[in-house]
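# Structural overview
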Protein chains: 4
Amino acid sequence: MANETGRIRVSVVGAKGRMGANVVKAVTDAADTELALTLDAGNDLTEISPDNTDVVVEFTVPSVSLSNVLTLISQGVDVVVGTTGWTDDKLDQVRAALANAPRADQAVFIAPNFAISAVLADYFAGLAAKYFESAEVVELHHPNKVDAPSGTAIHTAHTIADARRAAGLGPVPDATETDGGSRGQVVDGIHVHAVRLRGLNAHEEVLLGNPGEQLSIRSDCFDRGSFMPGVLLAVRKVSGHAGLTIGLDTFLDL
Amino acid sequence: MANETGRIRVSVVGAKGRMGANVVKAVTDAADTELALTLDAGNDLTEISPDNTDVVVEFTVPSVSLSNVLTLISQGVDVVVGTTGWTDDKLDQVRAALANAPRADQAVFIAPNFAISAVLADYFAGLAAKYFESAEVVELHHPNKVDAPSGTAIHTAHTIADARRAAGLGPVPDATETDGGSRGQVVDGIHVHAVRLRGLNAHEEVLLGNPGEQLSIRSDCFDRGSFMPGVLLAVRKVSGHAGLTIGLDTFLDL
Amino acid sequence: MANETGRIRVSVVGAKGRMGANVVKAVTDAADTELALTLDAGNDLTEISPDNTDVVVEFTVPSVSLSNVLTLISQGVDVVVGTTGWTDDKLDQVRAALANAPRADQAVFIAPNFAISAVLADYFAGLAAKYFESAEVVELHHPNKVDAPSGTAIHTAHTIADARRAAGLGPVPDATETDGGSRGQVVDGIHVHAVRLRGLNAHEEVLLGNPGEQLSIRSDCFDRGSFMPGVLLAVRKVSGHAGLTIGLDTFLDL
Amino acid sequence: MANETGRIRVSVVGAKGRMGANVVKAVTDAADTELALTLDAGNDLTEISPDNTDVVVEFTVPSVSLSNVLTLISQGVDVVVGTTGWTDDKLDQVRAALANAPRADQAVFIAPNFAISAVLADYFAGLAAKYFESAEVVELHHPNKVDAPSGTAIHTAHTIADARRAAGLGPVPDATETDGGSRGQVVDGIHVHAVRLRGLNAHEEVLLGNPGEQLSIRSDCFDRGSFMPGVLLAVRKVSGHAGLTIGLDTFLDL
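Keep in mind it's a predicted model, so treat the numbers as computed, not measured.

Before going further, it helps to spend a moment on the relation of the copies chain D and chain C. Overlay of chain D on chain C (RMSD 0.1 Å): rotation 180°, translation along the axis 0.0 Å. On the angle and the small slide along the axis, the relation comes out as a two-fold axis. Within chain D, the C-alpha atom positioned nearest to the axis of rotation is that of G184(D), 2.5 Å from it. Comparing interface residues between copies, 100% of those in chain D also sit at the interface in chain C, which points to an isologous, same-surface contact.

Printed below as a string of structure tokens:
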């Protein structure tokens, strides 16, 4: 899965976007990858083929991402997808396309979050949750974000709730009788709080409590650069994982 | 306002309660105070007089505190009140009693929070608020607390809102369009979040944000002992402040 | 390993000490354990036997702990040890005694730290370390602590260093040219900082950094009660683990 | 001190440097300032005069900053200086030049740190220090920084030490007997710790402790943009303050 120089040839779709531009730079800078083609809206994706590309990184918008991925599968290349907005139906279409792909071992990888710190925070929350009576999630983002809470925080709440159920833990203790909304949104039994503050980017804190002790796990993503180690990890790992893989934790050797 | 030994004679009403017992110990341990009488439900408050007491510390329950304070005023002693639940009407009754007190310079001091860290966090939030675009309050308590958010957090939200208004700042920036409650309770325009976690006691964090920077001010009260430096400060200061004084910040030399 | 009521019979050695008294209460309160004998300096440890005890919890002082454990092994009971100060030589003596113990499956468990949050923080630091360029440890304790840094922080530094070596990471980046000691103590290549602050108990924070992101893992042990869930976990698990086991992470199902 | 549009005319010296470029953008974006001249090494500073400029912002390097400032004073304009490296001797030369300046009310402002959060953290540390037994400073920066601890942390340590002395507080409590350097650098009696972590920019935390409570004040400067509100504040205030002024706290209405 690499050219004669031993480097992985990476094409970038959405190369002029903010994330795509960062990917172009990361792929160019890394010692074991090299930049192949860079494409954007208006370019022809069928220029990409195994002749010039080992792995494509796709960072566009939800409205075109599925179409892009299906085309890239038919071109016979492996794909790392950073675009969000994937529904179960869309994922099924990707799986179907992979079943009929040119190469038997062809691979697509989709991740909702490429920041290693965020992925690890979610994973550690799941490991730790069964040992603690209480658990809450606080996410903090810049004030231009339109949705609350973040998709990552919702995911973490489910991760914690699943771990508590598996361990037979009941509901978190909470004697609150009088509240006008300060206790946040309850996601799968877990209270989730969303802070919006100028100057912040994307941050999440998981708080776990027992009598006399607290465990706090916090991920701070200060800028888009925080996604690049995760994107490069996916680029290096995707070609060994045939079919559709979801979530960066799959590629972390935990 | 001290006996011949130069120490302030302090009687404690509610001496067997959890806070009262801590006050008895603090007053006994401090070099410049000495324990006079200790009283509880069933004891006669008129045993307290200027003959044996300079300052009374009253830590009981809201249902009897007003009655206790009025009796203590009529006994001619200064009072430090730690009981909560004071309404404007109750405060007016205290003021009226002080206007007819035996001594012209008689003093009553009431504080909603005796933890110096909490009082300073609130005060600093007020000083800093006008310099920041964004401000939110997160309070964290043990899960047995029945009200949310805490009275201290509500007070801090008003402190911040007042400072923003005085500086001509508009609403905090917030593009949230989709939320199921995670953005917390809006108190006077300021988002307030309440976390409940086993192992915690009483904590508050004020977050202030500008482009590229954040200021965080956090008070952690790990146990009841955190109130004692504030109670002793009030005991030392109350007798110089005739009339009704509310809030420990008055006695901090800021 | 339980009596006819299905509860584990637990004897406590060092029952009047501060930790021991907490253990007595925890064992009495838990639904699946019951208090058997309580012993202290001056008591005869040979009163403890399989007739009255399934598991002994030993919380004394380093100077007598080895002798106590050897006696308890010869009495045929399993032992959970919370006393610190174990050297390789002492551990070898325990192993030798276990090899000649009355029961073939006899078990001794020794843990340097019973706080689940602290054990998990150390474990997660080890899992995460290979994914980050930078790693430092900050521990914070009450100012009466005589050693710095804490044994737990030293252990965490080694855990991180081991993970970095295994992953082929080089030294942490650090361009510091001018320093009068602020960069802390370098333990196995990892900078460790020790804060001493009135009001704190035992806290540790692991900071891991990549371009654009940070992962923070923090354990707060506010009081001795934080050890009890870990002690009870060890009491429940020890009898299934013949021989000498060291470290609570062994009993956490991670 | 403004042109007919009511806006302050600002020239930037060092306009192509990283800080200078940010200043050019901030001055252009703000409603009450307008960009006049932009100069760099090789440009003639005498092009700047009251005919085209109200305030100059100077962000260059220590080796040329004094010379630049003296020239700008002789040109009759007010100056805001962000360059570091000012010694007492250099400051005296600025004062002497101001005494002979073309305008009687001419003003120079020099600040070691323009981040409002950092300036407030330092100021609040000074206000709070006398109320706490313990105080320590932790600063955290990117690993390319060559000096440790930061100048700001050293300044904060002195601020705290001054406040403790003025209040008659003795040394901070510290029973440490065994340490290999983890307790950090002692600056004026205050322990200062420096963390270096990839992904961070410039951060400082002041920790203050009493029995049962902690007050934490933290400044996070995520990027150079954090300096711009402080630079603009200085631009707006400098012309009212004849002579040499040092430190942004002077211009904060605290």
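A word on the packing of aromatic side chains. Taken as a whole and assessed by the stated rule, the structure comprises 20 aromatic pairs over all chains. Ring geometry for F59(A) versus F114(A): centroids 5.9 Å apart, planes at 55°, classification tilted. A residue pair is termed long-range when its members are at least 10 positions apart, and F59(A) in the loop between strand 3 (55-58) and helix 2 (62-74) and F114(A) in the loop between strand 5 (107-110) and helix 4 (116-128) qualify at 55 residues. Owing to a relative accessible area of 1%, F114(A) belongs among the buried residues under this scheme. Ring plane angle 35° and centroid distance 5.7 Å describe the contact between F222(B) and F222(C), whose orientation is recorded as tilted. Highlighted residues: F222(B) in the loop between strand 12 (213-221) and helix 6 (228-237) and F222(C) in the loop between strand 12 (213-221) and helix 6 (228-237), drawn from two different chains. For F222(C), a relative accessible area of 17% translates into the label buried. Members of the aromatic cluster, connected to one another through ring pairs, are F59(A), F109(A), F114(A) and F251(A).

What follows concerns the pairing of strand 4 (residues 78-81) of chain B. Residues and elements named next belong to chain B. With burial as the criterion, each face of strand 4 is covered, one bearing D78 and V80 and the other bearing V79 and V81. Here strand 3 (residues 55-58) pairs with strand 4 via four bridges, running parallel. The partner of V56 across the bridge, within strand 4, is V79. With three bridges joining them, strand 4 and strand 5 (residues 107-110) adopt parallel strand pairing. Looking at the pairing, V80 lines up with F109 of strand 5. Following the backbone out of strand 4, through helix 3 (residues 88-99) and into the adjacent parallel strand 5, one traces a crossover that is right-handed.

Next up on the list: the interface of chain D and chain C. Opposite the 43 residues of chain D that make contact, chain C presents 43 residues. In total, chain D and chain C occlude about 3000 Å² of area from one another, counting both sides; carbon and sulfur atoms represent 56% of this. When residues of chain D are sorted by the area they lose upon contact with chain C, S182(D), L197(D) and R198(D) head the list and together hold 20% of the total. The tally of links from chain D across to chain C stands at two salt bridges.

On to the UniProt feature "domain: Dihydrodipicolinate reductase N-terminal" (unreviewed entry) in chain A. Look at the UniProt record and you will see "domain: Dihydrodipicolinate reductase N-terminal" (unreviewed entry) annotated at residues 8-114 of chain A. Annotation note: span residues 8-114 of chain A, helix share 35%, strand share 23%, distance between end C-alpha atoms 19 Å.

Turning our eyes to something else, we now look at the domain arrangement of chain A. Entries for chain A in the domain assignment read domain 1 (8-110 + 225-251) and domain 2 (116-222). When each unit is reduced to the centre of its C-alpha atoms, the spacing between domain 1 of chain A and domain 2 of chain A is 30 Å.

Moving on, we come to empty space enclosed by the protein. Following the criterion strictly, the structure yields one cavity of 30 Å³ or more and no others. Put simply, the largest cavity is a space of about 990 Å³. If you trace the largest cavity, you find 45 residues lining it, with E205(A), E205(B), E205(C), E205(D) and R218(D) closest to the centre. Residues that form the lining of the largest cavity fall into these classes: 21 nonpolar, 12 polar and 12 charged.

Contacts between the two partners involve 43 residues from chain A, matched on the other side by 43 residues from chain B. Taken over both partners, the interface formed by chain A and chain B buries close to 3000 Å², and the fraction arising from carbon and sulfur atoms is 57%. Considering only the side of chain A, the residues that lose the most area to chain B are S182(A), L197(A) and R198(A), jointly responsible for 20% of the buried surface there. Taken together, chain A and chain B are joined by two salt bridges. For E133(B), the salt bridge is made with R198(A), and the minimal N-O distance between the two is 2.7 Å. Seen at the junction of chain A and chain B, the total is 24 residue pairs in polar contact (both at pLDDT 80 or more).

This part is about helix 2 of chain A. All names here are of chain A. For helix 2, the complete set of buried residues consists of S65, L66, N68, V69, L72 and I73. One side of helix 2 carries all its buried residues, which in axial view fall inside an arc of 165°. Tucked into the core, helix 2 has its buried residues touching strand 1 (8-13), strand 3, strand 4 (78-81), helix 3 (88-99) and strand 5. Just downstream of helix 2, G76 is the residue with a positive phi angle, here 85°.

The subject of this paragraph is the relation of the copies chain A and chain B. Once turned by 180° and shifted 0.1 Å along the axis, chain A lies on chain B with an RMSD of 0.1 Å. Most of the interface of chain A is mirrored in chain B, where 100% of its interface residues again form contacts.

Before going further, it helps to examine unusual backbone geometry. Residues and elements named next belong to chain B. The omega torsion of the bond from A148 to P149 falls at -5°, within 30 degrees of zero and hence cis. Tracing the backbone through its elements, the reader meets P149 in the loop between strand 7 (147-148) and helix 5 (151-166). Positive phi values are uncommon outside glycine, yet D188 reaches one of about 55°. Within the secondary structure, D188 is located in the loop between strand 9 (185-187) and strand 10 (190-196).

This part covers the UniProt feature "domain: Dihydrodipicolinate reductase C-terminal" (unreviewed entry) in chain A. Per the UniProt annotation, the sites labelled "domain: Dihydrodipicolinate reductase C-terminal" (unreviewed entry) are residues 121-250 of chain A. Structurally, residues 121-250 of chain A comprises 26% helix and 34% strand, and the distance from its first C-alpha atom to its last is 14 Å.

Turning to the sheet that holds strand 5 (residues 107-110) of chain C, a few remarks are in order. Residue and element names in this part refer to chain C. In spatial order, the strands read 2-1-3-4-5-13; together these six strands make up an open sheet with parallel pairing. A strand with exactly one partner marks an edge of an open sheet, and here the two such strands are strand 2 (33-39) and strand 13 (243-246). Within the sheet, the average angular offset between the axes of one strand and its neighbour, ignoring direction, is 20°. One ladder, built from four bridges, connects strand 1 (residues 8-13) with strand 3 (residues 55-58); its direction is parallel. Within strand 3, the position partnered with V13 by the bridge is E58. On top of the sheet, helix 1 (residues 18-29) reaches strand 1, strand 2 and strand 3; it is set at about 150° to strand 2, its chief contact.

Right, let's talk about the packing of helix 4 (residues 116-128) of chain D against helix 5 (residues 151-166) of chain D for a bit. Residue and element names in this part refer to chain D. Where helix 4 contacts helix 5, the two axes come as close as 8 Å, and the packing angle between them is 20°. Judged by the angle between their axes, helix 4 and helix 5 are roughly parallel. Crossing of helix 4 over helix 5 shows right-handed handedness. Of helix 5, the residues touching helix 4 (which contributes D122, A125 and G126) are T152, H155, T156, T159, I160 and A163.

Moving on, we get to the environment of R164(D). Residue and element names in this part refer to chain D. Counting through the fold element by element, R164 comes out in helix 5. Look at R164 and you get buried, because its relative accessible area is 5%. Separated by 55 residues in the primary sequence, R164 and F109 place their C-alpha atoms 29 Å from one another. When sequence neighbours within four positions are dropped, the list of residues in contact with R164 reads A129, F132, E133, S134, A135, L169, G170, P171, V172 and I190. A polar contact of 3.2 Å, which involves the side chain of R164, links it to the backbone oxygen of F132.

All names here are of chain B. Along strand 10, seven of the seven residues are buried, which leaves the element largely enclosed by surrounding structure. Of the two faces of strand 10, the one carrying I190, V192, A194 and R196 and the one carrying H191, H193 and V195 are both buried. Where strand 6 (residues 134-141) meets strand 10, six bridges bridge the pair, whose relative direction is parallel. Its bridge partner lying in strand 10, V137 is registered against V192. Sheet topology places strand 9 next to strand 10; three bridges connect them, and they run antiparallel. Bridging across to strand 10, Q185 finds its partner in V192.

Conventions we followed
- Residues numbered from 1 in each chain as written.
- Chains lettered and ligands numbered in written order.
- Predicted model: local features only at pLDDT ≥ 70, side-chain atom pairs only at ≥ 80, totals over all residues.
- Heavy atoms only, no water.
- Least-squares fit on C-alpha atoms with pLDDT ≥ 70 in both.
- Contact = heavy atoms within 4.5 Å.
- Phe/Tyr/Trp six-rings, centres within 6.5 Å; stacked < 30°, edge-to-face > 60°.
- Helix = DSSP H or I, 4+ residues; strand = E, 2+ residues; numbered from the N terminus.
- Buried < 20%, exposed > 50% of the residue type's maximum accessible area, 1.4 Å probe, protein only.
- Pairing = 2+ DSSP bridges.
- Right-handed = clockwise from strand over helix to strand, strands pointing away.
- Buried area = accessible area lost by both parts, 1.4 Å probe.
- Salt bridge = Lys/Arg side-chain N within 4 Å of Asp/Glu carboxyl O.
- UniProt positions renumbered as here; feature names shortened; annotations may be inferred.
- Domains from an automatic or database assignment.
- 1 Å grid on protein atoms, 1.4 Å probe; cavity = no way out; pocket = protein on both sides within 12 Å on 5 of 7 lines; lining within 4 Å.
- Points joined across faces, edges and corners; volume = space filled by probe spheres on them.
- Nonpolar A, V, L, I, M, F, W, Y, C, P; charged D, E, K, R; others polar.
- Polar contact = N/O pair within 3.5 Å; in protein donor to acceptor, adjacent residues only side chain to side chain.
- Arc of directions from axis to C-beta.
- Axes fitted to C-alpha atoms, helices over the stretch in contact; angles between N-to-C directions.
- Parallel < 35°, antiparallel > 145°, perpendicular 65-115°, else oblique.
- Left-handed = near helix turned anticlockwise from the far one by under 90°.

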